Amino acid sequence: MLKGKHRRPSKAVRVVTLAGVAGAAVAVPLMTAGSANAASVATWDKVAQCESGGNWSINTGNGYYGGLQFSNSSWAAAGGTKYAARADLATKDQQIATAEKLLAMQGPGAWGCAGAGGLTAGGPSAQVNTGGSGQAQQQAAPKQEAPKQQAAPQQQAAKPQPVQPKADPKPVTGHGNYTVKSGDTLGKIAKAHGKNWKAVYEANKSTVGGNPNLIFPGQKLSI
């Protein structure tokens, strides 16, 4: 169970009652001149560990708020409302700065965990920065950069393969009675044998192929 006191002013503090605008009585502790009550951040951390488990934004609904378990009246009396409406909505540094003022006004007895945290009536002021926007600043997780996508390795360009020259078709040899010699043409062969070149071509079309002007030495033609 959290032990937020802040209800019991120390014996050395006198309390006066001021009439509010609506006529309600507000108890305001009088700060004595020359008050030097303060504590280090480490000391306040220990007090908060005992008071709230070190949760500076805690709000359990029990009427006490923040790491040092301020009641709303104590928070307002120590000037905390200039930072946030409640202690749990202020930053840790803002809560400590307000606690320093409450310590000066009421002494260590304002916290039930003063002894556990080693909180005393005098000490060096906490080095805090009261700037910021309260709970949003405390709870904001450090922004993580989205992992950079690695560029896909470029595919190596396919090495151009040398164009293979098409091999000339191997001429059909044939089985005729005349062997073609270098320089022969169908016309020359047909004339030498008293034939018409077209007739010779038709007779040897399977050997010569589709071009009658193309015959090869070594082919055997039927004449």
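Provided above is the structure to which this section pertains.
One structure accompanies this document, and this report is about it. (Residues numbered from 1 in each chain as written. Predicted model: local features only at pLDDT ≥ 70, side-chain atom pairs only at ≥ 80, totals over all residues. Heavy atoms only, no water.)

## Let's talk about helix 1 (residues 41-52)
Phase 1 of the analysis: Here helix 1 contains twelve residues, and its C-alpha end-to-end distance of 16 Å stays within 8% of the 16 Å for a straight helix at 1.5 Å per residue.
Phase 2 of the analysis: By the burial criterion, the buried members of helix 1 are T43, W44, V47, A48, E51 and S52. Buried residues along helix 1 cover an arc of 135 degrees about the axis, so they all sit on one side.
Phase 3 of the analysis: Elements that come into contact with the buried residues of helix 1 comprise helix 3 (92-106) and helix 4 (114-117).
Phase 4 of the analysis: Among the residues trailing helix 1, G53 stands out with phi positive, at a value near 75 degrees. (Helix = DSSP H or I, 4+ residues; strand = E, 2+ residues; numbered from the N terminus. Expected span 1.5 Å × (residues − 1). Buried < 20%, exposed > 50% of the residue type's maximum accessible area, 1.4 Å probe, protein only. Arc of directions from axis to C-beta. Contact = heavy atoms within 4.5 Å.)

## What to know about the side chain of T207
Phase 1 of the analysis: Here T207 lies in helix 8 (residues 205-208).
Phase 2 of the analysis: Classification of T207 as buried rests on a relative accessible area of 9%.
Phase 3 of the analysis: Excluding residues that lie within four positions of it along the chain, T207 makes contacts with V172, T173, G174, Q219, K220 and L221.

## Details of the pattern of salt bridges
Phase 1 of the analysis: In this structure the tally under the stated criterion is two salt bridges.
Phase 2 of the analysis: Salt-bridge contacts for K92 lead to D45; the nearest nitrogen and oxygen are separated by 2.9 Å. Of the two residues, K92 is situated in helix 3 and D45 in helix 1; the sequence distance between them amounts to 47 residues.
Phase 3 of the analysis: What makes K92 partly exposed here is its relative accessible area of 26%. (Salt bridge = Lys/Arg side-chain N within 4 Å of Asp/Glu carboxyl O.)

## Concerning the packing of helix 1 against helix 3
Phase 1 of the analysis: Remark: helix 1 packs on helix 3, axes separated minimally by 11 Å, with the N-to-C direction vectors making an angle of 95 degrees. Taken together, the axes of helix 1 and helix 3 lie roughly perpendicular to each other. Note on element contacts: helix 3 touches helix 1 through K92, I96, A99, E100 and L103, opposite V41, W44 and D45.
Phase 2 of the analysis: For the contact of helix 1 with helix 3, the residue count by class is five nonpolar, no polar and three charged. (Axes fitted to C-alpha atoms, helices over the stretch in contact; angles between N-to-C directions. Parallel < 35°, antiparallel > 145°, perpendicular 65-115°, else oblique. Nonpolar A, V, L, I, M, F, W, Y, C, P; charged D, E, K, R; others polar.)

## Examining the environment of W75
Phase 1 of the analysis: Residue position: W75 is located in helix 2 (residues 72-77).
Phase 2 of the analysis: With relative accessibility at 0%, the residue W75 sits in the buried group.
Phase 3 of the analysis: For the pair formed by W75 and L102, sequence separation is 27 residues and the distance between their alpha carbons is 8.2 Å.
Phase 4 of the analysis: Discounting residues that sit within four places of it in the chain, W75 has contacts with F70, G80, T81, A84, A85, R86, A87, A90, Q94, Q95 and T98.

These figures come from the coordinates and say nothing about function on their own.
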